[in-house]
Amino acid sequence: MLRASTKSTAISFARKLARRTAIGVTGTTLAGGAAIAVYTQTESGLGLKREIDFWRNITPVVWDYWWNTSSSSPKVRFHSGELFSWKKEETKLVQSEEQENDENKGRKEVLQSLHKKNAPRIFQIMLDLGGLYIKLGQVLSVTALPIPEEYRERFRILQSNVPGHEDFESVILPMLEKELKSPVRDIFESIEETPCGAASIGQAHRAVLKSTKEPVVIKVQYPNAKWQVPADIECVGQFLKVCVWFGVVDEAASKMSYEEFSRQFLAELDYETEKENLKEVYQSSLDPKAPYLEKGVVLPRVFDEFCTKQVITMSYLPGPKFEEEVRQQLAFLGIDTKKGIKSIVQDAHRRDVENSTNHTSHAGMGTELAMSPNKEQSSWKITASRIIGNFISIDSMFTLVRFARLIIVWSTATSVKTIQTAASYNIVPSSWEEWANERQNAITHAAQMNWTQDAVHALLDVHGHQIFNLGLFNADPHPGNILVVQDSEPQKSQQYASRSQPKIGLIDYGQCKRLTPMERVKVAKLILSIADKEPDDVIANHFRDMGIQTKNDSTRFLAEFGRLMFDSFQPKHLDHTWHKELHKEDRVLYFPKELSMVYRTALLLRGLAMSLQLNPSVGEVWRRHAQDAIRLYETDRSSIEMKKSFGIVV
C-alpha cells in the first residue's frame, strides 16, 4: 500500500515537473520568438536582417573562391600535393622558379575563370539589394583600385542604367507629411509626383509653395536610408576584407578607400549638415568680391521652415544638367556618349590615376579619374601622340582640335543663315532649304562651344574660392551636380544664340569638406609652388609639411606627383614608361586626408575639362585664391599677436 502510494506520488510529481518544464520551455520559446519578432522591426533589427540577406546571397560566391583558390582548401591542397606529406616535401625539394611561375600563371587563370563566372552573380546581388550597392558599383566601375575587368565591365552598366525611384503616394508623400507635421496641400500648391532626380538614399521633386508661389525643389530621404546605409557600409567593409583575403584587392588601398567611402555616404545621410553647408555657401555667393556674380554661378536658397532631418526644401534652378551640355559638345568632338557623361568624364582620367596611384597605396584619394593610357592600350595612336608631343604641347593639340571643329561648325552656321535668308526670297532650291533646316542647331553649337570653355574655367575658379577663401567646398562636382540655368523658360533652339549667356547652377552639397585655416595655408603653399613652376625640392617640402609619407622620401617623386595632381596635362603623362619608372622610385604610404578631397575635386573638374578637349592648370586657376588664403592667415596671425602684446585675451 505504501509502495503504491509512493509510486503514485512520484508519478504525480513527475507530471507536474514535466508540465512546468513544458510551460517554461514553451514560455521561453514564445517570449524569445516574440522578442526576436519585435527586434526585427526595429532599425537595428532591420539592419541585421539586411546584413543577413547580403551574406546569404554572397556566401556561395565566397565559397566558390575559397574552394578553388585558398591554400587551406582541400581541393587546392590536393592538387598541390599538400595532402600527402611525403609528396609535399618532395615538391619543395624539386620545385624550381619556372614551376613557381607556372603555378602563379595557373592561379591567375583560375581567378579569371572565377571572375567571369561570379561577376554576373555579384552584379545581380547589387541590383536586388539596391540602395548603396548601386552607388558602390558605380564607384568601383571607375575606381583606381585593381578591380578585375570582368567586374568592372558589369559595374559600368550602373553608370547609365540605374534602378528607378520610390513610389510617391506610398513612400514619399507619407514621409513628407510625417517630417513637415502637416498635410502637404497646406504647404505646397502643387508637387510633381515624378522626381526630377533620384539617388541611392533619396529623391527630389519639383513643387510650388502655396504662400509665395515660388518654385522649389524638395529633397526627401528614403525612410529606410537611416538604418539601411550603415548596415550596407558594414557589409561592404566585411566583404572587402574577404576580397583582400582572396587577393582580389590590395589591403592598404582597400582599407583607405573604404574609410573614405563610408565617411562620404554617412555624411550624405546628415541632411541637417547638408542644409547648413548649402546655406553657408549660398550666403558667400552673394559677396560681390567672390567670383560667383562675375562668373554667372548661382546656388539654390534654402527654406529653413520646410527643412527637417530628412527633408531639404530649396529654390528651383531652371535648366538641364550640365552633363546634357557636355553630351552635345562631346558628340560634336566625335566622342561616343552612349555609356553616360559622368562615366566619360571619369574615364577621361581614370587610366592615368591607375598609373599615378600605383605610386601610392591610398587609392581612395584618386578614385575618379585618369589621364594616360595603360600598357595594354599602347598603339600607333599613342606612339604618334608621344612623337607629336615632342614638338607641340597638349594645349596646342587640343586648341587645334577645337579650332578645327569650331571652323566647321561656324561655316555650317554661316551657310545655314545664308540659305535661310535666300529661301525667304524663293531664290534657292527646296532641297537646299531642307539641308539648312536640318543643320539649324549648328548656330546654337557654335555659340555653346565658346560658352562651355568659359563655364569650365568658372567652375574651377569658384571651387578654388570655396576651398581657400571659404574653407568649405563640394567634393563631388561631377556634371550631374551642375546645371545650365536659363533666365527664362527653354525656347526653341534657333533662339538660343540670341539670348543672354546661361548661368551655372551648383547643387547637392551632401559631400562637403571643411578645411581649417592652417590646412588651407598648407594646401595653398603646395598649389603656389606648382603654379609658380618651383624646383622639385620646394614642391616636395610643401608636400612633406602636409604630412605625406612615402617609402623612400624621394624628392623627385613628390614633385612629379604634385605636378601630376594640380598642373596641366603634359605629353610625358601619355607614356606608361614614365609612370612605371616613377613607381619604381617611390610610393606613397600615407596621404593626408585634408588634401584627399581637394585632389578629388580638382580631378573631377579637370576630367570634365579634358573630356571637352581643354587642358587647364588647376594650380594656375587657383593661384589667386591660394594667395588670398595665405595673406588672410598671416593678417589674422599678426592681429592676434598685436592684441596679445597689449594684454588683450584672444
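Residues numbered from 1 in each chain as written. Predicted model: local features only at pLDDT ≥ 70, side-chain atom pairs only at ≥ 80, totals over all residues. Heavy atoms only, no water.

A. Spatial organisation of helix α12 (residues 271-285). Over its 15 residues, α12 runs 21 Å from end to end, which matches the ideal 21 Å to within 8%, given 1.5 Å per residue. Taken together, the buried positions of α12 are Tyr271, Glu274, Lys275, Asn277, Leu278, Val281, Tyr282, Ser284 and Ser285. (Helix = DSSP H or I, 4+ residues; strand = E, 2+ residues; numbered from the N terminus. Expected span 1.5 Å × (residues − 1). Buried < 20%, exposed > 50% of the residue type's maximum accessible area, 1.4 Å probe, protein only.)

B. Region of the structure containing the nonpolar core. Formed by 121 residues in total, the largest nonpolar core has its most connected members in Phe566, Leu595 and Trp622. No other element matches the 10 residues that helix α19 (residues 441-470) contributes to this core. If we ignore the near neighbours within four places in the chain, the residues touching Leu595 are Val523, Leu526, Phe543, Met546, Met565 and Phe566. (Core = buried A, V, L, I, M, F, W, Y, C linked by side-chain atoms within 4.5 Å. Contact = heavy atoms within 4.5 Å.)

C. Main features of the packing of helix α21 (residues 536-545) against helix α22 (residues 555-566). For the pair α21 and α22, interaxial distance at closest approach is 8 Å and the crossing angle is 80°. Here α21 lies roughly perpendicular to α22, going by the angle between them. Contact residues: α21 offers Asp536, Asp537, Ile539, Ala540, Phe543 and Arg544, while α22 offers Thr555, Arg556, Leu558, Ala559, Phe561, Gly562, Arg563 and Met565. Taken together, the residues of the contact of α21 with α22 sort by class into seven nonpolar, two polar and five charged. (Axes fitted to C-alpha atoms, helices over the stretch in contact; angles between N-to-C directions. Parallel < 35°, antiparallel > 145°, perpendicular 65-115°, else oblique. Nonpolar A, V, L, I, M, F, W, Y, C, P; charged D, E, K, R; others polar.)

D. Here's a closer look at the packing of aromatic side chains. Under the counting rule described, the total for this entry stands at 15 aromatic pairs. Considering the side-chain rings of Phe54 and Phe239, the 6.0 Å spacing of their centres and the 85° angle between planes classify their relative orientation as edge-to-face. One end of the pair, Phe54, is in helix α2 (residues 43-69); the other, Phe239, is in helix α10 (residues 225-245), and 185 residues separate them in sequence. Taking relative accessible area as the criterion, Phe54 reaches 4% and is therefore assigned buried. A relative accessible area of 21% places Phe239 in the partly exposed class. Through successive ring pairs, a cluster of aromatic residues spans Phe468, Phe543, Phe557, Phe561, Phe566, Phe591, Tyr599 and Trp622. (Phe/Tyr/Trp six-rings, centres within 6.5 Å; stacked < 30°, edge-to-face > 60°.)

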